[in-house]
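Okay, here's what each chain looks like letter by letter:
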Amino acid sequence: MIDTATSTPSRSSERPASEVRRGAGYWLSSYTTMLRFDVASQRNTLPLALLMQILFGTGMAIIYGFYLGRMSPGAMLYVVSGAPALAVITTGMVLVPGVVGERKIAGTWDFIWSLPSPRSAAVASTFTVYTALSLPGIVVTLVLASWRYGLHLHLTPMVVPAFLLASLMATSVGFGMAQAIRNPLVTNLIVNVLIFVVLVYSPVVFPIAQLPGWLADIHQVLPIYPLAQVLRASVSSGLVENLGVSYAVLAAWTVGAWGAAAYVIGRRR
Amino acid sequence: MAALAAPPSPVARSGVAYWADGYWRIFVWDLTNLRILMPVVVSVLILQGAGFVVGIGLFFPHMPTEAAIYVVTGAPVFGLLTIGLILEPQLVAAQRTEGSYEFLRSMPVPRTMMFLAWYTVSLIPALPALTLAVVVGSARYGLHLDVTPTVILAVLATSLTGTLIGYAVAHGIRNPMATQLLSMILIFVIFGFSPIMFPAAQLPHWLAAANLWFPFQAMANVVRSSLVSGVATGVGRSYIVLACWAAASAILAALAVGHRR
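Residues numbered from 1 in each chain as written. Chains lettered and ligands numbered in written order. Predicted model: local features only at pLDDT ≥ 70, side-chain atom pairs only at ≥ 80, totals over all residues.

The next subject is the overall build of chain A. Per the secondary structure count, chain A includes eleven helices and zero strands. Starting at the N terminus and walking to the C terminus, you meet the elements of chain A as α-α-α-α-α-α-α-α-α-α-α. Along the three orthogonal principal directions, the C-alpha set of chain A runs to about 90 × 35 × 35 Å. Taken over 269 residues, chain A has a buried fraction of 39%. (Helix = DSSP H or I, 4+ residues; strand = E, 2+ residues; numbered from the N terminus. Buried ≥ 20, exposed ≤ 12 C-beta atoms within 10 Å, placed from the backbone.)

Take a look at the structure:
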């Protein structure tokens, strides 16, 4: 009896037997728990976010056609192969900053950071959810746009890395930006201006040669043009050159966004 | 003491002077309310007006003259709709959320004067920004516009109809979230699926046919006819369509703001 009592201490009075709060196993279990938390807490809004992404991406691909009027097959191919980028941009620049801002206002981040899980696991979970959310959006937008313009695309095996890296980059940059800017209202304003600039002044659905030289040069280092190039190369042939550079720029922006997010989140207040 | 107990001398709540006074007070009120937002509103209008007109040229290897005319003469209409259909519903939604909506309704000012004051205030940021869009666009694409005095009538008819529709949405729908969502969807649909800044022939037939009965193409048509000759047709019909929408929206808005609770 005495042995039994000493070997099973009551839970309320003592700390649990030294639980290891580090290592790959702990990180992975935190990550899966946070993934469940993220999906469960947004179960009502995620389908709406997917719908908005598809409507906006496909809508813009169709609307560009109305503005352009009678198009050459080459111009049409640019619009259709640019459609996946429109879907990705919607997630990264509208949905993710919106969710991060809402969670800031509601104080959800403070709650999440107080949980006994590594902050990197919580962030990785958000990235996973929104990267995964982008993928069906990209596919549906691509299918609808090619149906609208009556084009048959040539998918290559590069769709897998291209879709994944593009979604991850957009999610990371949207997340990093929204975390780095303190006031969600300012983020909202910047996002609205950015989305306009991206939709009108970025070579997503038209060749970069149509831009003035200085603007084309800027787009070589900003993430939007490489994003469109990487996605375009994976669904068409003969339109994209220097693909390696585009992948490198996207990877650099992804890592940079992670760095910014790590700096902001890791800071103690 | 007796003098203190006597009721205050009756204020005449009728007549031109009373209406003019109410109009002026609400005009100043609305303007003061907007003072912080005004730079943002003007910036947005310049960005989506002049900014869009210049930017859309990048989509074409060589901008066709017809496309340039449509964009330059359509941009002011889209700007007027942004003010009427986005700004007013969003402001009223914010007033409902923070509780100042009921306070404003309690003011002893005729509702028509409240509308007129808001309409005048909304034109203040709109007119310069939209003129800039036309001037910048004409210079960028080398267009020679043929501006006629009917531009005043066309802009007033367009902005009045747009503001009345926005007023009906803002006051007719009680839930602020629904108002905001509807106004966002409306502006996206108007931007993309109404032939304001491109010819109706570039839409699918069914959509072009539907647009004949909506006010947005009609607004673009009357403004275009006053800025450039030989492009807009059926201007009389467009004015009739606008008048019908303005009247219907005015009735709905009047029912909504006149409703006693």
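A count of helical and extended segments in chain B gives eleven helices and zero strands. Counting helices and strands in the order they occur from the N terminus, chain B gives α-α-α-α-α-α-α-α-α-α-α. Seen through its C-alpha atoms, chain B measures out along the principal axes to roughly 85 × 35 × 35 Å. The proportion of buried residues among the 261 residues of chain B is 37%. In chain B, 80% of the contacts between residues at least 6 apart in sequence involve partners at least 24 apart. (Contact = placed C-beta atoms within 7 Å.)

Another aspect to go through is the interface of chain B and chain A. Opposite the 13 residues of chain B that make contact, chain A presents 13 residues. Ranked by residues supplied to the side of chain B that touches chain A, first place goes to helix 3 (residues 38-55) of chain B with four residues. Among the residues making up the side of chain B that touches chain A, the classes are represented as nine nonpolar, four polar and no charged. (Nonpolar A, V, L, I, M, F, W, Y, C, P; charged D, E, K, R; others polar.)

Right, let's talk about the packing of helix 7 (residues 150-172) of chain B against helix 10 (residues 215-227) of chain B for a bit. Residue and element names in this part refer to chain B. Between helix 7 and helix 10, whose axes approach to 8 Å, the crossing angle comes to 165°. In terms of their interaxial angle, helix 7 and helix 10 are classed as roughly antiparallel. Between helix 7 and helix 10 lies a crossing of left-handed hand. Contact residues: Thr150, Val151, Ala154, Val155, Ala157, Thr158 and Thr161 in helix 7; Pro215, Met219, Val222, Val223, Ser226 and Leu227 in helix 10. Split into classes, the residues belonging to the contact of helix 7 with helix 10 amount to nine nonpolar, four polar and no charged. (Axes fitted to C-alpha atoms, helices over the stretch in contact; angles between N-to-C directions. Parallel < 35°, antiparallel > 145°, perpendicular 65-115°, else oblique. Left-handed = near helix turned anticlockwise from the far one by under 90°.)

With that settled, consider the packing of helix 3 (residues 45-68) of chain A against helix 4 (residues 73-106) of chain A. Residue and element names in this part refer to chain A. One way to put it is that helix 3 packs onto helix 4 with a least axis distance of 8 Å and a crossing angle of 145°. Handedness of the helix 3/helix 4 crossing: right-handed. Judged by residue contacts, Ala49, Met52, Gln53, Ile54, Phe56, Gly57, Met60, Ala61, Tyr64, Gly65 and Leu68 of helix 3 engage Ala75, Val79, Val80, Ala83, Leu86, Ala87, Thr90, Thr91 and Leu95 from helix 4. Among the residues forming the contact of helix 3 with helix 4, the class breakdown is 15 nonpolar, five polar and no charged.

Bringing the confidence of the model for chain A into the picture now. Residues and elements named next belong to chain A. Taken as a whole, chain A shows an average pLDDT of 86; of its residues, 92% reach a score of 70 or greater. The element-level mean pLDDT for chain A is lowest in helix 1 (residues 2-7), coming to 44, with helix 9 (residues 213-221) highest at 93. Considering only residues more than four positions removed or in separate chains, one finds that residues 1-13, a stretch of pLDDT under 50, has one contact. (pLDDT = per-residue confidence, 0-100.)

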